[in-house]
Amino acid sequence: MELSSSHDRADVVIVGAGPAGAVAARRFVEDGFSVVCIEQGDWPDYSRSHVADEYLELSAGKEWNPQPTVRRSFSDYPIDTSRSDVEPLIWNGVGGSAVMYAGIWMRLMPSDFRVRSLDGVADDWPLSYEDLAPFYERIERDFGVSGYPGDPAFPDIDSYPMKAAPIGPHGRMMAEAHNRLGWHWWPGSNAIATEDYRNQGACVQRGACMWGCINKAKASPDVTHWPDLLTQGVRLITRAVAQEIETDAAGRATAVVYTGDDGVTRRQEADVVVVAANGLGTPRLLQLSTSTRFPNGLANGSGLVGKRLMMHPFATVVGVFDDKLDPWKGVWGQPVYSLEFYETVKERGFVRGAKWNVTPTGGPQAMTAAFPWGGSEIWGEGFHDTVRDRLGHSLAWGIVAEDLPEEHNRVELDHSTRDRAGLPGVRMTYRTSQNTKDLLAFNVERASESLREAGAKETIVAPMIRETGWHILGTATMGEDAASSVVDQWGRAHEVPNLIIVDGSTWPTSSGMNPTPTIAAFSLRAIEHAVTERRSQAVSS
Ligand SMILES: Cc1cc2nc3c(=O)[nH]c(=O)nc-3n(C[C@H](O)[C@H](O)[C@H](O)COP(=O)(O)OP(=O)(O)OC[C@H]3O[C@@H](n4cnc5c(N)ncnc54)[C@H](O)[C@@H]3O)c2cc1C
Ligand code: SF4
């Protein structure tokens, strides 16, 4: 390949400017390493998110759509989802998918790290909750999390940087219902500032978080990390597509080859390569990086790169009430969550469980949308009455189901499509397992019971919503054994000692939690280890 001019060699090159990449960059630069980050997208232009406009829901349909297969912006690569039960949701740009996230902030539970030991399925993680706990605490300060400590499910959390957002009438209604049922609930923890905090502004409770927060209240790394990192000397190259990781004869990573906005292909050499391109982008880049030594893709001796894709299948149950709830006021994150049905109970006939969070049902246009209503019939005669009934008078339980790793669920290169740099797109193959279907069916029943207890006059079930693939995990799994995993507990590729993967592709099991806190805490732990062990770090010659 003919390459044009390369930049100066760096200590570290990172691919991806989302939470995982931003956390890695911050930790390296704190210890004086020179860092270059290659990001295929641009800075988000919040002026185009229209979150303060009446036509927000219309403008969100295209440019700010979380679904890359609908959005098709210049930074999106093609994704064939014809063999998938779920559509992936990601944002490619500075801040990563967190530009679009709801900001729901949940640590994993201790049991999530020990699924094999407890339930006899999948694998244990090679690290424990206790190993990650100190990193969660630091990350919660960096991402400006608001919450209410004291949840008995997390006895070690004794403070959050900010007080929790108000739970609103809809949160209160569900909390009271759960008190009567004797079921767990807790005020929501969210990466949403409830007061001015570092680079973040205070949330104005406009409930439009998933379309970009113009108030900088939501903690996405374009707000919380990148402005500071740039002043600290990190070089962020935007609109640049990483196309390959190069290695030397000894199998060490030497450089990331990328195509810049000017169409020129360059090589960024570095001692250490960090990949933070998420559960789709990371296996894609590894699969693109073939060589004589790595004919099946980089670090793929186990054959597991791209396999064991997990997506957190998601169901909702909406309750329609006589009471006026105005659930669009407040945060779109979670006002309230419940872990009542999170852990395995053998008698239920399936393993693992789900986390629930109260979800607003949105404005007028959302009354017709798949999220959260599923395919519920609304058009035709009675349309206006139904909208009147639902709008401002409804709330949903969002049910995040734990997904088990299965090798047939996978991400592979799709050579029939090309991105703007001429690289193949990806094909997702993803089918939900019987365990997941049973798990969701059980939880949907219980959520309906909860809403009826709260006084819902009608409950509407969306048993699984296709357009909710916001958590993409497992495609470069971590473990102790190189034959059955791609990276070790520090994110280091077993076969390439100076390649560190820090995103959710490393997860051996999915938990039932929103993943960003754990992705960020894992990244911080991995990079702290790399920094501490710098003297024994193998690098290319
Ligand atoms: C609509 C929506 C709602 C969500 N809600 C929540 C929530 O409430 N709570 C929660 O915890 N999580 C939520 N998530 C998930 C959350 O956004 C992700 O867990 C998080 O962003 C993952 O961080 P990451 O850095 O690993 O990956 P990403 O944030 O996806 O960042 C990866 C970056 O890598 C870049 N990249 C990929 N390939 C290349 C390449 N070849 N060259 C250059 N750059 C590349 C991408 O452009 C992207 O910017 C949500 C996601 C979406 C889309
Ligand atoms: S509700 Fe708060 S966090 Fe959400 S978009 Fe509005 S200001 Fe931002």
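Along each chain, the written sequence defines residue order, and numbers are assigned to residues from 1. Both sets of labels track the order of writing: A upward for chains, 1 upward for ligands. Where totals are concerned, whole chains, interfaces and linings use all residues; where local detail is concerned, this predicted model gives features only for residues with pLDDT of at least 70, and gives and counts side-chain atom pairs only at 80 or more. Values reported for side chains reflect all heavy atoms of the structure, with hydrogen atoms and water molecules removed beforehand.

## A closer look at the overall build of the protein
Definition in use: To qualify as a helix, a DSSP run of H or I must reach at least 4 residues; to qualify as a strand, a run of E must reach at least 2; elements of each kind are numbered from the N terminus. For this measure, only C-alpha atoms enter the radius of gyration; the expected value for a globule follows 2.2 Å times N^0.38, where N is the number of residues. For the exposure calls, accessible area comes from a 1.4 Å probe over protein chains only, and a residue counts as buried if that area is under 20% of its type's maximum, exposed if over 50%, partly exposed in between. Contacts: residue pairs with any heavy atoms within 4.5 Å of one another. With residues, only the protein chains shown are counted as cover, and all accessible areas are computed by Shrake-Rupley using a 1.4 Å probe.
Helix and strand content of the protein: 13 helices and 18 strands. For the protein, whose C-alpha radius of gyration is 22 Å, the value lies close to the compact-globule estimate of 24 Å for 541 residues. Along the longest, intermediate and shortest principal axes, the C-alpha atoms of the protein span 70 × 50 × 45 Å. Put simply, the protein has 541 residues, and 63% of those count as buried. Long-range contacts, defined as pairs at least 24 residues apart, comprise 74% of the intrachain contacts of the protein with a sequence gap of at least 6. Carbon and sulfur atoms provide 48% of the accessible area of the protein, an area that totals close to 19,500 Å².

## Thoughts on the pairing of strand β15 (residues 410-418)
Counted only if it meets this: Any two strands are treated as partners once DSSP identifies two or more bridges connecting them.
Of the pairings in the sheet, the one linking β15 to strand β16 (residues 424-430) comprises 6 bridges and is antiparallel in character. The partner of Val411 across the bridge, within β16, is Met428. Following β15, the chain reverses through 5 residues before pairing antiparallel with β16; Gly422 in that reversal takes a positive phi of roughly 85°.

## What about the site of ligand 1?
Put simply, the test is: Here a residue counts as near a molecule or strand whenever at least one of its heavy atoms sits within 4 Å of it. Polar contacts here mean pairs of N or O atoms no more than 3.5 Å apart (in protein, one a potential hydrogen donor and the other a potential acceptor; neighbouring residues in sequence count only if both atoms are side-chain atoms). The nonpolar class holds Ala, Val, Leu, Ile, Met, Phe, Trp, Tyr, Cys and Pro. Asp, Glu, Lys and Arg form the charged class, and all remaining residues, Gly among them, are polar.
With respect to spatial proximity, 37 residues lie near ligand 1, and among them Glu39, Ser97, Ile104, Ala242 and Asn278 are the closest. Contact distances for ligand 1 include 3.2 Å between an oxygen atom and a side-chain N or O atom of Asn92. If you list the elements that add at least two residues to the shell around ligand 1, you get α1 (19-30), β8 (241-247) and α13 (516-532). Of the residues forming the shell around ligand 1, the biggest block, 3 residues, is contributed by α13. Among the residues making up the shell around ligand 1, the classes are represented as 23 nonpolar, 12 polar and 2 charged.

## Re the site of ligand 2
If you check the shell around ligand 2, you find Ile192, Cys203, Val204, Gln205, Arg206, Gly207, Ala208, Cys209, Cys213, Asn215, Ala217 and Gly330 and nothing else. A breakdown of the residues in the shell around ligand 2 according to their chemical character gives 7 nonpolar, 4 polar and 1 charged.

## Here's the deal with helix α12 (residues 434-454)
Let me state the cut-off plainly: By definition here, a helix of n residues has an expected span of 1.5 Å times n minus one.
Its 21 residues give α12 an end-to-end C-alpha distance of 30 Å, which sits within 8% of 30 Å, the value for a rise of 1.5 Å per residue. Turning to α12, its buried residues number three or more, namely Asn435, Thr436, Leu439, Leu440, Phe442, Asn443, Val444, Ala447, Ser448, Ser450, Leu451 and Ala454. Against the buried residues of α12 lie α6 (168-181), β11 (314-320), β13 (354-360), β14 (394-401) and β17 (458-462). Taken from the residues just after α12, Gly455 is the one with a positive phi, measuring 105°.

## Quick notes on the UniProt feature "domain: Glucose-methanol-choline oxidoreductase N-terminal" (unreviewed entry) in the protein
Note the cut-off: UniProt positions are given in the numbering used here, feature names are shortened, and annotations may be inferred rather than shown by experiment.
In the numbering used here, UniProt assigns the feature "domain: Glucose-methanol-choline oxidoreductase N-terminal" (unreviewed entry) to residues 12-313. In residues 12-313, helix accounts for 25% and strand for 16%; the two terminal C-alpha atoms are 35 Å from one another.

## A few points about the packing of α6 against α12
Going by this rule: In this analysis, axes come from line fits to C-alpha atoms, helices being fitted only over the stretch in contact, and the angle between any two N-to-C directions falls in the range 0 to 180 degrees. By the definition adopted for this analysis, an angle is roughly parallel if under 35 degrees, roughly antiparallel if over 145, roughly perpendicular if from 65 to 115, and oblique otherwise.
Direction vectors running N to C along α6 and α12 enclose 105°, while the axes themselves pass 8 Å from each other. One element, α6, and the other, α12, form an angle in the roughly perpendicular class. For the pair α6 and α12, contact is made by Met173, Met174, Ala177, His178, Arg180 and Leu181 and by Ser450, Leu451, Glu453 and Ala454, respectively.

## Thoughts on the sheet that holds strand β6 (residues 186-187)
Ordered in space as β6-β12-β13-β14-β11-β17, the 6 strands form an open sheet in which the pairing is antiparallel. Each of the sheet's edge strands pairs with one partner strand only, and the pair in question is β6 and β17. Two strands pair when backbone bridges link them, and β6 and strand β12 (residues 336-338) are joined in this way by 2 bridges, in the antiparallel orientation. Within the sheet, the bridge partner assigned to Trp186 lies in β12 and is Tyr337. α12 contacts β11, β13, β14 and β17 of the sheet and is inclined by roughly 155° relative to β14.

## Some details on the packing of aromatic side chains
As a reminder, the rule being used: Each pair of aromatic rings taken from Phe, Tyr and Trp, with Trp reduced to its six-membered ring, is defined by centres within 6.5 Å and is described as stacked if the planes are under 30 degrees apart, edge-to-face if over 60, and tilted in the remaining cases. The criterion for a charge sitting over a ring is simple: Lys NZ or Arg CZ within 6 Å of the ring centre, and within 35 degrees of the ring normal.
Going through the model one piece at a time under the given rule, you end up with 21 aromatic pairs. A centroid spacing of 4.9 Å and a plane angle of 65° characterise the contact between Phe113 and Trp125, whose relative ring orientation is edge-to-face. Of this pair, Phe113 sits in the loop between β3 (79-84) and α4 (115-119) while Trp125 sits in the loop between α4 and α5 (129-142), and the two are 12 residues apart along the sequence. Under the relative-accessibility criterion, Phe113 is labelled buried at 1%. Trp125 sits in the buried class, given a relative accessible area of 6%. Members of the aromatic cluster, each reached through a chain of ring pairs, are Trp183, Phe341, Phe350, Trp356, Trp397 and Phe442. Directly above the aromatic system of Phe74 lies the positively charged group of Arg239, at a separation of 4.1 Å from the ring centroid.

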